[in-house]
Amino acid sequence: RSSDLTTRITLTMSAVTTAPVVSARVSVAGTRGAGARVATTRAPSKRTHHVLAATFAGSAESRLALRSSRATTLGRDARRARGGVFNVLADTTTTDAKPAAEAKPEPELLSDRGVDYKPFRDLLAAGEWEKADDEHRRLMCVLGGEDAEDRGWVYFTEARDFPVADLKTIDALWVHFSEGRHGFSVQRKLWVGAKRQWPKFFKQIDWVQGENDNYRKWPEEFDWRKEAARGHMPLTNALRGTTLLESLLEHPAFAPPKKPQEELASQLEEAGDKLQSAMANLPGLKGLKKPSWMK
């Protein structure tokens, strides 16, 4: 072939539904034979077909792999985004639901003796703590009976006979409206925690003051606020001793059931107290005449 021949080969790959078609066209032009042009069309060899097919197949696989990778990344990002939204919604729902879950209904006003606890409840609900304590003291006398109402205070023997349902109602009202800060049950926990040592207990509930732990003067020196020391209310007069307060804190409404030996000891103690009270009401020997046989 002549060196001055110009050869141009154009390869075209066209995608069809059946199989790729490769066409080659060779145009030869030379100086010899003016205007002479030879054009031939020839199918590529099998080797060329396989090489081209493998090249395009590999390129297609690469593109599919790249698309799959991008789709996986986008899917993962979308799942993360959805998860973040769901977490935010879950946190918001939980936060909004907490106040409703913490809201507790008011205690039932139960009484085995037909006592009306509505005025007492209303005073606590209004935050009138001093007036509520006065009403509480009156209710103690009502539960103690007519003699207690007449004298204006109760004996510890009368406190032992208070109905469980009534004491639990009174205590539940204190605990509910003080948000767990005041009430007989709260005082009992603190007293037991202080190993039943009264000076330590009184100091903890802020009933004493000064270096000598003197009792506060009632009512002006007591703290009539919900934020007072835990167990500060209700007040029970302990100036004449702690027996009354102990009877209330050890009442079956708040204390666990006693063991048989403790129950027997309690019954014996109660019998002794009643005997002592009965003997105190007996007339003395003064004024009595000796019988005739003693003369």
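Residues numbered from 1 in each chain as written. Predicted model: local features only at pLDDT ≥ 70, side-chain atom pairs only at ≥ 80, totals over all residues. Heavy atoms only, no water.

Visitor: Help me understand the environment of Trp 224 in this model?
Guide: On the secondary structure map, Trp 224 appears in the loop between β5 (214-215) and α9 (243-249). If we skip the residues at most four places from it in the chain, Trp 224 touches Trp 129, Glu 130, Asp 133, Trp 218, Pro 219, Met 233 and Leu 235. A polar contact is formed between the side chain of Trp 224 and the backbone oxygen of Pro 219, at a distance of 3.0 Å. (Helix = DSSP H or I, 4+ residues; strand = E, 2+ residues; numbered from the N terminus. Contact = heavy atoms within 4.5 Å. Polar contact = N/O pair within 3.5 Å; in protein donor to acceptor, adjacent residues only side chain to side chain.)

Visitor: I tried to follow the pattern of salt bridges on my own but got confused; where do I start?
Guide: It is possible for side chains of opposite charge to pair when their charged atoms get near one another. Applying the stated criterion across every chain yields a total of 11 salt bridges. A salt bridge links Lys 226 to Glu 179; its shortest N-O distance comes to 3.6 Å. Residue Lys 226 is located in the loop between β5 and α9, and its partner Glu 179 is located in the loop between α6 (164-177) and α7 (184-193); the two are separated by 47 residues in the primary sequence. Arg 196 serves as the salt-bridge partner of Glu 250, at 3.3 Å between the closest nitrogen and oxygen. One end of the pair, Glu 250, is in the loop between α9 and α10 (260-280); the other, Arg 196, is in the loop between α7 and α8 (198-204), and 54 residues separate them in sequence. The partly exposed category is assigned to Glu 250, whose relative accessible area is 23%. (Salt bridge = Lys/Arg side-chain N within 4 Å of Asp/Glu carboxyl O. Buried < 20%, exposed > 50% of the residue type's maximum accessible area, 1.4 Å probe, protein only.)

Visitor: In this structure, what is going on with the environment of Ala 172? I would like to understand it.
Guide: You can see Ala 172 is positioned in helix α6. Relative accessible area serves as the criterion here: at 25%, Ala 172 is assigned to the partly exposed category. It is 9.0 Å that separates the C-alpha atoms of Ala 172 and Phe 184, two residues lying 12 residues apart in sequence.

Visitor: When you look at the packing of helix α3 (residues 129-144) against α6 in this model, what are you seeing that I'm missing?
Guide: When two helices pack together, their arrangement is given by the angle between their axes and by how far apart the axes lie. Viewed as axis vectors pointing N to C, α3 and α6 meet at an angle of 175°, and their least axial separation amounts to 11 Å. Here α6 runs roughly antiparallel to α3, going by the angle between their axes. Contacts from Trp 129, Ala 132, Asp 133, His 136, Leu 139, Met 140 and Leu 143 in α3 reach Asp 166, Leu 167, Ile 170, Trp 174 and Phe 177 in α6. (Axes fitted to C-alpha atoms, helices over the stretch in contact; angles between N-to-C directions. Parallel < 35°, antiparallel > 145°, perpendicular 65-115°, else oblique.)

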